[in-house]
Amino acid sequence: MKTHSLLSLVAFLLPACRAPADSTAVNAALEEYRQAWLKGDSAAALRRLSGDVRFLFPGTPDLDSAAVHALVIDEMAKYTIPSLTLTRANFFVAGDHAVDIGTYEEIQQPKTGAPIHGTGRYTTVWRRETGGWRIWRFMINELPAK
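Residues numbered from 1 in each chain as written. Predicted model: local features only at pLDDT ≥ 70, side-chain atom pairs only at ≥ 80, totals over all residues. Heavy atoms only, no water.

Before going further, it helps to spend a moment on the overall build of the protein chain. When its secondary structure is counted, the protein chain shows three helices and five strands. Taking all 146 residues of the protein chain together, 31% fall into the buried category. Nonlocal contacts in the protein chain, meaning residues at least 24 apart in sequence, comprise 53% of its contacts between residues at least 6 apart. Looking at the protein chain as shown, the accessible area adds up to about 8900 Å², and 62% of this sits on carbon and sulfur atoms. (Helix = DSSP H or I, 4+ residues; strand = E, 2+ residues; numbered from the N terminus. Buried < 20%, exposed > 50% of the residue type's maximum accessible area, 1.4 Å probe, protein only. Contact = heavy atoms within 4.5 Å. Areas by Shrake-Rupley, 256 points an atom, 1.4 Å probe, with all protein chains shown as cover.)

Laid out in C-alpha cells, this is it:
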C-alpha cells in the first residue's frame, strides 16, 4: 500500500517538476522566434513553427501550414521589423502544450515608405515536439491606433 501511494505521489509531482523547465524552454523558443523577425531571418522563424501550424486572424479563413510559411516569407521580404515588444498577460504549461497570451507593439518598416506602428493582442499555443517547442496555433487581434 505504501509503495502504491509513493508511486501515485511521484506520478502527481513529476509533471509539476517539469513545468519550470518547460516554461524556460518555451521562453527560449519564443525569443528565438522574436529575434528571427527582428533579424529578418525567415528560416529561423520557420523552424519555430509546427508542421501543422495554423494562424487565425479575425475576418479571414484560417491559414494552414503552407499558407503560414508563405506569409512569413512574404512579410519578411516586404518589411523589416526594427522593434517588436511582447507584454505577457498570462502563461501556462499543460502537458505538451503551453499557452501565451499578451499584447504586442511593433514597428514594420516597408522597403519603401513610412514605418507602420502596430499594436494588438495575441494568443500563441506552443506544442512540445521532437526537437523542442513549436508554435502550433497563433491568433492575433490588432488594436485601433491611438
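There's more to say after this.
Let us look at the nonpolar core. The biggest cluster of nonpolar side chains holds 26 residues, and the ones touching the most others in it are Trp37, Leu49, Phe55, Val72, Trp126 and Ile135. For this core, the elements supplying multiple residues, two or more each, are α1 (2-39), α2 (42-47), β1 (49-56), α3 (65-78), β2 (79-94), β3 (97-110), β4 (116-129) and β5 (132-142). Per element, the largest residue contribution to this core is six residues, and it comes from α1. Dropping the residues within four chain positions of it, tryptophan 37 is found in contact with Ala45, Val72, Glu75, Met76, Ile81 and Leu84. (Core = buried A, V, L, I, M, F, W, Y, C linked by side-chain atoms within 4.5 Å.)

Predicted confidence across the protein chain gives a mean pLDDT of 89, with 87% of residues reaching 70 or more. Note that pLDDT drops below 50 for residues 1-17; the model gives that stretch zero contacts with residues more than four away or on any other chain. (pLDDT = per-residue confidence, 0-100.)

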